[in-house]
Amino acid sequence: MKILFHFPDWGNVVQNRQYQKNDSRIYPVLLAMQATYMKQQGNIVYWDEPLHLKYDHIIIESKFATHHLAEQIKKEYPQTEILGECVGTGVSRLSPREFLDLPAPDRILTKWKKYSENGNYKYLPGTHMQAARDCWYGKCSFCSWAQLYPKDSYSRRTPESMIDEVIQCYHLGIREIFDDSGTFPTGKWLEQFCNLMKQSGMNKHVKISCNMRFGVSTPHDFDMMKEAGFRMILWGLEQYDQFTLAMLNKGISVTMICDDLVKAKRAGLENHVAVMYGYPWLMPMHEQTTYLFVKAMMLQGIVDSVQATIFIPYPNTPIYKFLMDRREIRTYDRSKYDMQQSVVKGWYNPKELIRKTYRIALHPRFLWHQLKQIKSIDDLKFYARALKKIRARL
């Protein structure tokens, strides 16, 4: 069977925060794993080629905001299957068992070099991998992934299989890997992975970055990660406001946020925080608290980078149902759920506060902290790329 994995140009109509970047495409690691599996089953697999009726089966990935566009493609090409994380649209998703049965991606087949300069990578070329599906917490009220893959469906690959993939990446010349799990595994799993990174010597050749939750890791965990070759942790801070954290069911306190950022930085890890503005229950003066906290952390050299976006309540999530009952949803047009504009009734337009947050990176004190961390030409190039992106956002 001839199978095509096709990637339409959705423009700016995308869903996840990680896609709110202007620099490059993100390696679709889960689809790459599926493509590799299908090839192993004897199919002829094509990756990122133009649409054509000659294919027996066409697979495209869609987000909620692009599902209506994906359906248009399916009308023209009936052999199309839509995959993705589109809550409430009836698209295909993987069971925990299916995820664990998938092989590591064949990066030659899936043209990894096209995605190797993503903004999350400091050391180029880079790639993505995925240790788990999806988040072991799985309770956040705003997260569509938590509805598709709740806590009881959380599954993770073995540390040994992940090290095998890291070694494969090293032989391809890859220097940095970002793990795309909703939350990177912790506890005994993390300890085993870190030990294997050191035993294999990969900690000296490949840098690792990942998503993590506040309030779980110890100073020993951060020290262990640093020794194992971890470079950066991406934290979902969302908002430095205890009431908002409770509304989002984050299961953390503002104290945990500050503590973990300091602990990770002391271990030598870089902190990247993601925040959202435009919550309908917060007035501008309240959201300023988050801005001021992020600014203080960045000017003290504790936070190294920030990503600011507009709060979007995705359909079928608990927070969406709550706001819908209160008649605070401004539009039901799914093409508007792209983080380019607010879809809820609020007190102000959050775009200016987003720009203000990005301007922190141009503050002389922040720049001084970053300059002190430059130890190689890779560091210098990374900060040059980062400044270019910040100027584009402003």
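In this convention, every chain numbers its residues from 1, walking through the sequence in written order. Totals for whole chains, interfaces and linings use all residues, but because this is a predicted model, local features are given only for residues with pLDDT of at least 70 and pairs of side-chain atoms are given and counted only at 80 or more. Excluded from the side-chain calculation are hydrogens and water; included are all heavy atoms of the structure.

K.L.:
Would you take a moment to explain the sheet that holds strand β11 (residues 270–277) for this structure?
P.N.:
In a beta sheet, neighbouring strands pair by backbone hydrogen bonds and run either parallel or antiparallel. Spatial strand order, β5-β8-β9-β10-β11-β12: six strands in an open sheet with parallel pairing. If you trace the sheet from one side to the other, it starts and ends with β5 (126–129) and β12 (305–310), each paired once. Strand after strand, the sheet turns through a mean of 20° between neighbouring axes, direction not considered. As defined by bridge partners, strand β8 (residues 176–179) adjoins strand β9 (residues 207–212) across three bridges and the pair is classed as parallel. Paired with F178 across the strands is S209, a residue of β9. Two strands form a pair only when DSSP identifies at least two bridges running between them. Working definition: helices are DSSP H or I runs of at least four residues, strands are E runs of at least two. Numbering for both runs from the N terminus. In this analysis an axis means a line fitted to C-alpha atoms, helices contributing only their contacting stretch, and an angle means the value between N-to-C directions, from 0 to 180 degrees.

K.L.:
When you look at the packing of aromatic side chains in this model, what are you seeing that I'm missing?
P.N.:
What characterises a pair of aromatic rings is the spacing of the ring centres plus the angle enclosed by the ring planes. In this analysis, rings of Phe, Tyr and Trp, with Trp reduced to its six-membered ring, are considered paired at centre separations within 6.5 Å, and the interplanar angle assigns stacked below 30 degrees, edge-to-face beyond 60, and tilted for intermediate values. Inspection of the entire model under this criterion finds 16 aromatic pairs. Between F184 and F193, the aromatic rings sit 5.7 Å apart at their centres with planes inclined by 75°, giving edge-to-face as the arrangement. Plain terms: the ring middles of F382 and Y383 are 5.5 Å apart, the flat faces sit at 65° to each other, and that makes the pair edge-to-face. Burial here depends on accessible area, computed with a 1.4 Å probe over protein chains only, as a share of the maximum for the residue type. Under 20% is buried, over 50% is exposed, and the range in between is partly exposed. Overall, the relative accessible area of 15% leaves F382 in the buried class. Under the relative-accessibility criterion, Y383 is labelled buried at 12%.

K.L.:
Just checking my understanding: could you explain the pattern of salt bridges for this structure?
P.N.:
Close approach of charged atoms allows side chains of opposite charge to pair. When a carboxyl oxygen of Asp or Glu is within 4 Å of a side-chain nitrogen of Lys or Arg, the pair counts as a salt bridge. Per the stated rule, a full pass over the model turns up 18 salt bridges. We note a salt bridge from E165 to R107, for which the minimum N-O separation is 2.8 Å. With a gap of 58 residues between them, E165 in helix α5 (residues 159–171) and R107 in the loop between α3 (96–101) and β5 connect regions that are remote in the sequence. For the pair E165 and R107, one class covers both residues: buried. Residues R231 and E176 are paired through a salt bridge, measuring 2.8 Å at the closest nitrogen-oxygen approach. Of this pair, R231 sits in strand β10 (residues 230–238) while E176 sits in strand β8, placing them 55 residues apart in sequence. Judged by its relative accessible area of 0%, E176 falls in the buried class. Several salt bridges converge on common partners, so that one network encompasses K122, E176, R231, E270 and D379.

K.L.:
Hey, could you run me through the confidence of the model for the protein in this one?
P.N.:
Low pLDDT means the predicted atomic positions in that stretch should not be read closely. When the pLDDT values of the protein are averaged, the result is 90; 92% of them are 70 or greater. In predicted models, pLDDT denotes the confidence assigned by the predictor to each residue on a 0 to 100 scale. In what follows, residue pairs with any heavy atoms lying within 4.5 Å of each other are defined as contacts. Under a pLDDT of 50 for its full length, residues 13–23 has, in the predicted model, 47 contacts with residues more than four places off or in other chains. Predicted confidence for residues 87–91 stays below pLDDT 50, and this span has 14 contacts to residues more than four positions away or in other chains.

K.L.:
Looking at this structure, how should I read the pairing of β5?
P.N.:
The side chains of a regular strand alternate, residue by residue, between the two faces of the sheet. Of the two faces of β5, the one lined by G126 and H128 and the one lined by T127 and M129 are each fully buried. Pairing of β5 with β8 involves four bridges; the strand directions are parallel. From the neighbouring strand, T127 faces β8, where its bridge partner is I177.

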